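# Fold and geometry: a report
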Amino acid sequence: MKRGKRRWTSWLAGLLAVMMLLAGCGSKDGGGNETSGTSSNTPSSNTSDDATAGSGSGKLNVQLKFLSYQDNFDPETDYTRQQIKEILGVDIVPFMGNDDDKVNLILSSGQEFDMISMNNRNLLAMYARNEAIQPLTDLIERYGPNLKAAFSQEQWDMVSVDGEIYALPTFNYEAVTDGLIIRKDWLDKLNLPMPTTPDELYEVLKAFKEKDPGGVGKDKVIPLAIHAGEDGNALSISGLAEAWGIGRGPTDFVVVDGEIQSGLDQPGVREYVAFLNKLNREGLLDPDAAISKHGDVTEKVGAGFVGVATFSCWDSGAVRALMEKVPDAELAFLPPLKDNNGNQRIAGTGGLYSFVIVPKVSKKAAEVVQFADAFLAPAHYTRLILGEENVSYKIEDGKYYPIFPEFNQFNKGRWFYPVNESSKYTPLFGARARKEPEMAMLWDDINAKSDGFMYTPIVNLAPVVEAEQKYGQPLRSFSHERLIKMLLDEKELAKFDEFVQEWKNKGGRELTEQYNAWYQSTK
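Residues numbered from 1 in each chain as written. Predicted model: local features only at pLDDT ≥ 70, side-chain atom pairs only at ≥ 80, totals over all residues. Heavy atoms only, no water.

### Observations concerning the sheet that holds strand 5 (residues 115-118)
With mixed pairing, the five strands of this open sheet are ordered in space as 4-3-5-16-8. In this open sheet, the two edge strands, each paired with only one partner strand, are strand 4 (90-96) and strand 8 (168-171). Taking each pair of neighbouring strands and ignoring which way they run, the sheet shows an average axis angle of 25 degrees. Note that strand 3 (residues 62-68) and strand 5 share two bridges and pair parallel. (Pairing = 2+ DSSP bridges. Helix = DSSP H or I, 4+ residues; strand = E, 2+ residues; numbered from the N terminus. Axes fitted to C-alpha atoms, helices over the stretch in contact; angles between N-to-C directions.)

### What about the pattern of salt bridges?
Charged atoms that come close allow side chains of opposite charge to pair. Applying the stated criterion to the full structure yields 25 salt bridges. Of the charged contacts, one joins Arg248 and Asp252 as a salt bridge, the two residues approaching to 2.7 Å between their closest N and O atoms. Each of Glu76, Arg81 and Asp91 takes part in salt bridges that share partners, so that together they form one network. (Salt bridge = Lys/Arg side-chain N within 4 Å of Asp/Glu carboxyl O.)

### A word on the packing of helix 12 (residues 316-325) against helix 16 (residues 437-450)
Pairs of packed helices are described in terms of their axes, by the angle between the two and the distance that separates them. Relative orientation of the contacting elements helix 12 and helix 16 amounts to 115 degrees, with a least axis distance of 8 Å. Between helix 12 and helix 16, the crossing angle belongs to the class labelled roughly perpendicular. For the crossing formed where helix 12 meets helix 16, the hand is right-handed. Contact residues: helix 12 offers Ser316, Val319 and Arg320, while helix 16 offers Glu438, Met439, Met441 and Leu442. (Parallel < 35°, antiparallel > 145°, perpendicular 65-115°, else oblique. Left-handed = near helix turned anticlockwise from the far one by under 90°. Contact = heavy atoms within 4.5 Å.)

### Structural notes on the sheet that holds strand 13 (residues 306-312)
With respect to topology, four strands assemble into an open sheet ordered 10-13-9-14, the strand pairing being mixed. Edge strands, defined here as strands with exactly one partner in the open sheet, are strand 10 (222-225) and strand 14 (331-333). Recorded for the sheet is a direction-independent mean angle of 25 degrees between the axes of neighbouring strands. The sheet contact formed by strand 9 (residues 178-183) and strand 14 spans three bridges and is antiparallel. Considered in strand 14, the bridge of Ile181 is made with Phe333. Contacting strand 10, strand 13 and strand 14, helix 11 (residues 294-303) runs over the sheet at an angle of about 135 degrees to strand 13.

### Points about the pairing of strand 16 (residues 352-357)
For strand 16, the buried fraction is high: five of the six residues fall into the buried class. Both strand 5 and strand 16 contribute to a ladder of three bridges, which runs antiparallel. Counterpart to Met118 in the pairing with strand 16 is Phe355. When strand 8 meets strand 16, the two strands line up antiparallel, connected through four bridges. Considered in strand 16, the bridge of Leu168 is made with Val356. (Buried < 20%, exposed > 50% of the residue type's maximum accessible area, 1.4 Å probe, protein only.)

### What to know about the packing of helix 17 (residues 466-488) against helix 19 (residues 496-521)
Following both chains from N to C, one finds helix 17 and helix 19 inclined at 155 degrees, their axes separated by 9 Å at the closest point. Comparing the axis directions of helix 17 and helix 19 gives the class roughly antiparallel. The hand of the helix 17/helix 19 crossing is left-handed. Where helix 17 abuts helix 19, its residues Glu466, Ala467, Glu468, Tyr471, Leu475, Phe478, Ser479, Arg482, Leu483 and Met486 lie against Phe496, Glu498, Phe499, Glu502, Trp503, Lys506, Gly507, Gly508, Glu510, Leu511, Gln514 and Tyr515. Looking at the contact of helix 17 with helix 19 residue by residue, the class counts come to 11 nonpolar, four polar and seven charged. (Nonpolar A, V, L, I, M, F, W, Y, C, P; charged D, E, K, R; others polar.)

### Here we look at the nonpolar core
In terms of nonpolar packing, the biggest core is built from 95 residues, with Val90, Tyr127, Leu147, Leu168, Ile357 and Phe371 touching the most fellow members. For this core, the leading source of residues is helix 13 (residues 365-376), giving nine residues. Beyond its immediate chain neighbours, meaning those up to four positions away, Leu168 contacts Leu136, Ile140, Leu147, Ser354, Phe355, Val356, Val368, Val369, Ala372, Pro418 and Val419. Residues Phe253, Phe275, Ala290 and Leu337 belong to the second largest nonpolar core, which totals 58 residues. (Core = buried A, V, L, I, M, F, W, Y, C linked by side-chain atoms within 4.5 Å.)

### A closer look at the environment of Ile116
Note on placement: Ile116 falls in strand 5. The class for Ile116 is buried, based on a relative accessible area of 0%. Along the backbone, Ile116 and Met96 are 20 residues apart, and their C-alpha atoms lie at a distance of 10.0 Å. Excluding its chain neighbours within four sequence positions, the residues that come into contact with Ile116 are Phe66, Leu67, Val103, Ile106, Leu107, Phe355, Val356, Ile357 and Pro359.

### Quick look at the environment of Tyr202
Of note, Tyr202 is situated in helix 9 (residues 198-211). Residues Tyr202 and Phe275 lie 73 residues apart in sequence; the distance between their C-alpha atoms is 9.1 Å. With near-sequence residues (within four places) excluded, Tyr202 lies in contact with Phe275, Lys278, Leu279, Glu282 and Leu284. A polar atom in the side chain of Tyr202 sits 2.6 Å from the side chain of Glu282. (Polar contact = N/O pair within 3.5 Å; in protein donor to acceptor, adjacent residues only side chain to side chain.)

### Focus on helix 12
Of all the residues in helix 12, the buried ones are Ser316, Ala318, Val319 and Leu322. Along the long axis of helix 12, the arc covered by the buried residues comes to 155 degrees, so they all point the same way. Every exposed residue of helix 12 that faces more than 90 degrees away from the buried side is listed here: Glu324 and Lys325. Buried residues along helix 12 sit against strand 9, helix 11, strand 13, strand 14 and helix 16. (Arc of directions from axis to C-beta.)

### Side note on the packing of aromatic side chains
Scanning the entire structure with this criterion turns up 30 aromatic pairs. Seen in terms of ring centroids, Phe151 and Phe171 are 5.7 Å apart; in terms of plane orientation they differ by 40 degrees. Their pairing is tilted. Taken together, the residues span a long stretch of sequence, with Phe151 in the loop between helix 6 (145-150) and helix 7 (153-157) and Phe171 in strand 8 at a distance of 20 residues. Take Phe151: its relative accessible area is 6%, and that puts it in the buried class. Centroid distance Phe253 to Tyr515: 5.2 Å. Interplanar angle 65 degrees. Geometry classified as edge-to-face. Of this pair, Phe253 sits in strand 11 (residues 253-256) while Tyr515 sits in helix 19, placing them 262 residues apart in sequence. Each member of the pair Phe253 and Tyr515 is classed as buried. Among the aromatic residues, ring-to-ring pairing joins Tyr173, Trp314, Phe375, Tyr381, Tyr417, Tyr425, Phe429 and Trp443 into one connected group. One residue, Lys65, lies across the ring of Phe113, its end atom 4.5 Å from the ring centre. For the cation-ring pair, Arg414 lies above Tyr353, with the distance from its terminal atom to the ring centre recorded as 4.2 Å. (Phe/Tyr/Trp six-rings, centres within 6.5 Å; stacked < 30°, edge-to-face > 60°. Lys NZ or Arg CZ within 6 Å of the ring centre and 35° of its normal.)

Structural data, given as structure tokens:
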């Protein structure tokens, strides 16, 4: 299986190189005219060097063919597309479906797109080294004052290969969206305080099982439900796992004493897995935990059977389902649980979310950079994302709220963003998070309780390293499979040290070393 994957990667790299060479010999444009396969890094004739939308002195007046992710709306008629055309003079010609195989085919066959959004950084390095995409460093220097101001060198490094920028980055909003939620009404009925440590959580789960405060039946009550069956989950439970001195789960990389280390090398990691194994043995964990997906957990929460669960602030549907079934129910997020020294940590959403590449065959690389720069311009940014204040959004106590129905026009706007910067986007994103009363409650609750404790997983900030391309996915699959076995079987848990050594031998040691080499270079 692994040999097949390596052969595919080698074949694709070869195909990209051959097709790019052929494309360089000549291709036909949309009118059937012969064109050079090497795109120019100067603007087309409809864009002036001195008058760009980013500078606020004019519109770009350009059409850009854009491929992005699949979604359930019509991008042709979307309001944000119309606004981008009206405000910036950029006519986006949208196409959906950017799965890796499709992008590989587009680039290898020389299909004419100007912008492609994607999130697989492993492919970014391969595309760059096979000259399937265009370098953007010089264009950003020439046409991107807002881009240069928005991102640090470390952020540019995440979309760079061999010192050259090859993509325009979108960094995610910085907030906490996932944690553990609890039936507060069950706690109140038993006169129990909100648990603040793993030991206190254990006692609460026991009480839920033994006393059935929800009256669902002792044979039906589920003290703790987790979605361990999600591919690559590897027993990740943010807000809980950190209490053992690791990241979201056992295999997360963490910074310790000024260097990046594997979570598997931390002294508390085995105790964390043993804690979950204990919950399973004592019937405090959902018996379906090992195969449960996120939707399975939210369905059980909505049905009223669950006391504590892994949960997202986007799971508003489960809240409505629960309230319909149990009108007096009350859900609340747990604050991050404390470690033995009283420290609290919970993972946020920060880091590189996606990026836009410019295929080699595009003639409009300069215009793509100018579009991204204009999007970030203060005169345009908030208007393109939220519309007009007191028309489609409002600000109360420093927080952004949607105004309906006008705000509905911006529901799918993110699909069109060519770039984004987290510190500017995070407060504005609050308006999206507050689109529904239940969602607003969940968003404000978890972020209030996580204030001061949020961290960004270090790998979310790292550039692509060779070992990740080579070993990353096999390691994730291997770790997930073995950790699930340890969750269910004490005999497997006894093999923990053997598992760690095998993880290192399968590429984990090399991956850790390369991440750490990058981290030391940033100091």
